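Chain by chain, the residues run as shown.
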Amino acid sequence: MRKIIVQEFITLDGVMQAPGGPEEDTSSNFKYGGWTAPYFREADDAAVDFMQKWMESTDILLGRTTYEIFADYWPGHADMWPGINDVTKYVVSDVPMELTWHNSELITGDDVVAQLKKLKDSEGSDIKVHGSSKVAQTLLKNGLVDELCLMTFPIVLGIGKRWFDESSMPAAFTLTDSVVTPNGVICACYKRAGEVKTGIVSE
């Protein structure tokens, strides 16, 4: 069985839309594309080490929009992300699309969740999800996320696609690694730790 690790850039109010730049934005109502950029100019060695783990060579799982952004940029910048052209890129799309990036496989149809479960049960490397809000939420809703790696930026945007929604399956996670950058970005990884435990406090 393979681990599925979801990695996301988020704001304090949970927005995950277009963190890298305006070209990632598909909504005319969102004007803050590229909100992570200023924070990467100040980073210590621990933060750099965290990013190296973030970009370790594993198979990746992407939604259609994120795949198109990645496929347009990363094939020509593989020196910045070693191995990215060689790993398998699984792409979830509800419409037909051309896969132009080497080693890309399409996941589509009415049984996407069943296909994702089959992929998780197969042999191979860990699978990392980058961005891809609908895919990440589908995985959370169906209990298929083994680990979360979140980089939380000290800003509030007020609008934009949110990381968590009400469809997420309740689950507990344990912190496994964390770093705080000099400019306040919290980098944290969590592993699945079973069901949510609740308690009642009586007076």
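Everything that follows concerns the structure shown earlier in this document.
Note that the structure is predicted; figures quoted are calculated from it, not measured. (Residues numbered from 1 in each chain as written. Predicted model: local features only at pLDDT ≥ 70, side-chain atom pairs only at ≥ 80, totals over all residues. Heavy atoms only, no water.)

Enquirer: Residue-level account of unusual backbone geometry, with values.
Expert: One non-glycine residue, alanine 18, lies in the positive phi region at around 45°. Counting through the fold element by element, alanine 18 comes out in the loop between strand S1 (4-11) and helix H1 (45-54). Look at asparagine 103: it is not a glycine, yet its phi comes out positive at around 60°. Along the polypeptide, asparagine 103 turns up in the loop between strand S3 (89-92) and strand S4 (104-107). Accessibility expressed as a relative area gives 32% for asparagine 103, which makes it partly exposed. (Helix = DSSP H or I, 4+ residues; strand = E, 2+ residues; numbered from the N terminus. Buried < 20%, exposed > 50% of the residue type's maximum accessible area, 1.4 Å probe, protein only.)

Enquirer: Let's hear about the sheet that holds strand S7 (residues 173-180): which residues, and what values?
Expert: Judged by pairing direction, the sheet is mixed, and its eight strands sit side by side in the order S4-S3-S2-S5-S1-S6-S8-S7 without closing on themselves. Looking at which strands have only one partner, the edges of the open sheet turn out to be S4 and S7. Strand-to-strand, the axes of this sheet are offset by a mean angle of 20°, without reference to chain direction. Strand direction decides the pairing type here: S1 and strand S5 (residues 127-130), joined by four bridges, are parallel. In the strand pairing of S5, isoleucine 4 is matched with isoleucine 127. Across the face of the sheet, helix H2 (residues 64-73) comes into contact with strand S2 (59-63), S3, S4 and S5 while running at roughly 120° to S2. Docked against the sheet, helix H3 (residues 112-120) engages S1, S2, S3, S4 and S5, running at close to 135° with respect to S4. (Pairing = 2+ DSSP bridges. Axes fitted to C-alpha atoms, helices over the stretch in contact; angles between N-to-C directions. Contact = heavy atoms within 4.5 Å.)

These values are about where atoms sit, not about what they do.
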